[in-house]
Amino acid sequence: MTESKLLVAVIATGGTIASTRDETGTAKPALSGEDLISGLSGAHVLVKPVELMAKDSSSLTISDMQNISDAVGRELADPAVSGIVVLHGTDAMEESVLLVHLQHRLTKPVIFTGAQFTADHPQADGPGNLSAAITASTDPSNADKGVLLCFCGRLLPAWGLYKRSADEPDAFDLSGQATCAESPGFTADVKNMRVDIVAIYPGCDAVHIDASLKAGARGVVLSALGSGNANASIVEAVRRCTENNVPVVVSSRVSVGDLVAGYGGGGGGHDMGAEGAIHSRTLRAGQARILLAAMMASSKSRADMTDAFNDFQKMAKT
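Throughout, a residue's number is its position along its own chain's written sequence, starting from 1. With pLDDT at 70 or above as the cut-off, local features in this predicted model cover only qualifying residues; side-chain atom pairs require 80 or more to be listed or tallied, and sums for whole chains, interfaces and linings still use all residues. Heavy atoms from the whole structure form the basis of all side-chain values; hydrogens and water molecules are not counted.

### Remarks on the pairing of strand E6 (residues 110-113)
1) Next: Partly exposed residues are those whose accessible area sits between 20% and 50% of the maximum for their type, while under 20% is buried and over 50% is exposed, using a 1.4 Å probe and protein chains only. For helices the rule is a DSSP run of H or I covering at least 4 residues; for strands it is a run of E covering at least 2, with both sets numbered from the N terminus onward. Burial along E6 is two-sided: Val110 and Phe112 and Ile111 and Thr113, pointing in opposite directions, are all buried.
2) Next: When strand E5 (residues 81-87) meets E6, the two strands line up parallel, connected through four bridges. Note on E6: the bridge partner recorded for Val85 is Ile111.
3) Next: A pair of strands counts as paired when DSSP detects no fewer than two bridges linking them. Here E6 pairs with strand E7 (residues 148-151) via two bridges, running parallel. Residue Phe112 lies in a different strand from E7, and its bridge partner there is Leu149.
4) Next: Seen with its strands pointing away from the viewer, a crossover is right-handed if its path from the first strand over the helix to the second goes clockwise. The β-α-β motif built from E6, the intervening helix H4 (residues 126-137) and the parallel element E7 has left-handed crossover chirality.

### Concerning the nonpolar core
1) Next: Nonpolar cores are built from buried Ala, Val, Leu, Ile, Met, Phe, Trp, Tyr and Cys residues. Side-chain atoms within 4.5 Å join them into one set. Residues Val110, Phe112 and Leu291 are the most contacted members of the largest nonpolar core, which totals 56 residues.
2) Next: Ala224, Val238, Val250 and Met272 belong to the second-largest nonpolar core, a separate cluster that totals 20 residues.

### Some words on the packing of helix H3 (residues 93-103) against helix H8 (residues 285-297)
1) Next: Orientation is described by axes fitted as lines to C-alpha atoms, over the contacting stretch for helices, and by angles from 0 to 180 degrees between their N-to-C directions. Two elements in contact, H3 and H8, have axes separated by 9 Å at closest approach and are oriented at 30°. The angle between H3 and H8 falls in the class roughly parallel. Handedness of the crossing formed by H3 with H8: right-handed. Counted together, Glu94, Glu95, Leu98, Leu99 and Leu102 of H3 and Gly286, Gln287, Ile290, Leu291 and Ala294 of H8 form the full contact between these two elements.
2) Next: Lys, Arg, Asp and Glu make up the charged group, whereas Ala, Val, Leu, Ile, Met, Phe, Trp, Tyr, Cys and Pro make up the nonpolar group; the residues left over, Gly among them, are polar. Of the residues contributing to the contact of H3 with H8, the split by class is six nonpolar, two polar and two charged. Angle categories are assigned with fixed cut-offs, so that under 35 degrees is roughly parallel, over 145 is roughly antiparallel, 65 to 115 is roughly perpendicular, and the rest are oblique. Left-handed describes a crossing whose near helix is turned anticlockwise from the far helix by less than a right angle; the clockwise case is right-handed. Note on contacts: a residue pair qualifies if any of its non-hydrogen atoms lie within 4.5 Å across the two residues.

Take a look at the structure:
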């Protein structure tokens with residue numbers, strides 16, 4: 001490597017960007033990081049592959065996500081590396097992006113990317129996304145924006161990221177306007193943190209929450225209705241969780257908009273808050289699970305959690 005070249009580490013984890021379809025039409029990860037970066041080094045950039053794993057992101061565990069975050073940490077610590085790109089499946093992209101953001105204060109750009117269409121698809125979007133991500137990773141100013149997603153010509157921040165489409169190239173958007181460009185530095189390992197997500201629907205009971213408690217969940221996230229509402233039986237279950245020192249975070253199945261615990265009536269967000277639940281203003285269930293796991297692993301207080309799920313308002317004011 002000449003002194004004029006920037007070194008970009010591309011961490012391969014699998015996903016659609018690395019997948020091809022077999023004779024049955026089934027898409028599976030088949031391409032290595034080396035395969036995917038072939039021909040992308042140029043006059044000013046040298047790209048190196050980091051072969052970490054080859055999984056569909058729907059198969060990832062929180063332990064796998066911690067391994068991805070650890071791999072990013074190793075490249076951040078390497079003074080020869082100028083930027084980092086993570087190739088990742090889209091199904092769980094928002095979770096891994098947020099975990100890396102929560103755990104690392106960046107000294108260089110970290111950019112996630114992936115694809116909606118397999119590498120052998122006539123409209124394969126992976127090569128374009130990867131090329132754009134590499135370019136973004138060589139811009140030092142992107143380190144000040146926190147971990148970013150580069151997808152379909154857009155750079156999106158980690159906070160509030162969600163997958164909005166299963167079949168469009170422009171697959172991601174933000175659930176709100178809040179930002180968290182500065183990492184809170186929750187560095188503790190989350191591999192052993194079980195946090196369950198429970199879907200709330202009209203007329204549901206508390207069977208799934210109680211099953212999570214019985215299974216040893218350390219925390220529970222509710223994908224609730226509307227602005228974060230449920231019913232009286234769920235409020236009672238929140239009380240049981242609080243009595244067992246299991247934090248409950250209330251998010252929503254609604255994709256976009258600020259969530260406010262304003263409803264009563266025996267099962268609203270206000271009622272759950274009165275029994276100890278924490279309302280998530282911006283993060284939807286997938287990312288709320290990651291934030292709760294990271295904060296519990298780092299032994300953060302309930303007050304810290306309340307502030308974090310209120311988009312780090314205290315941190316933003318300091």
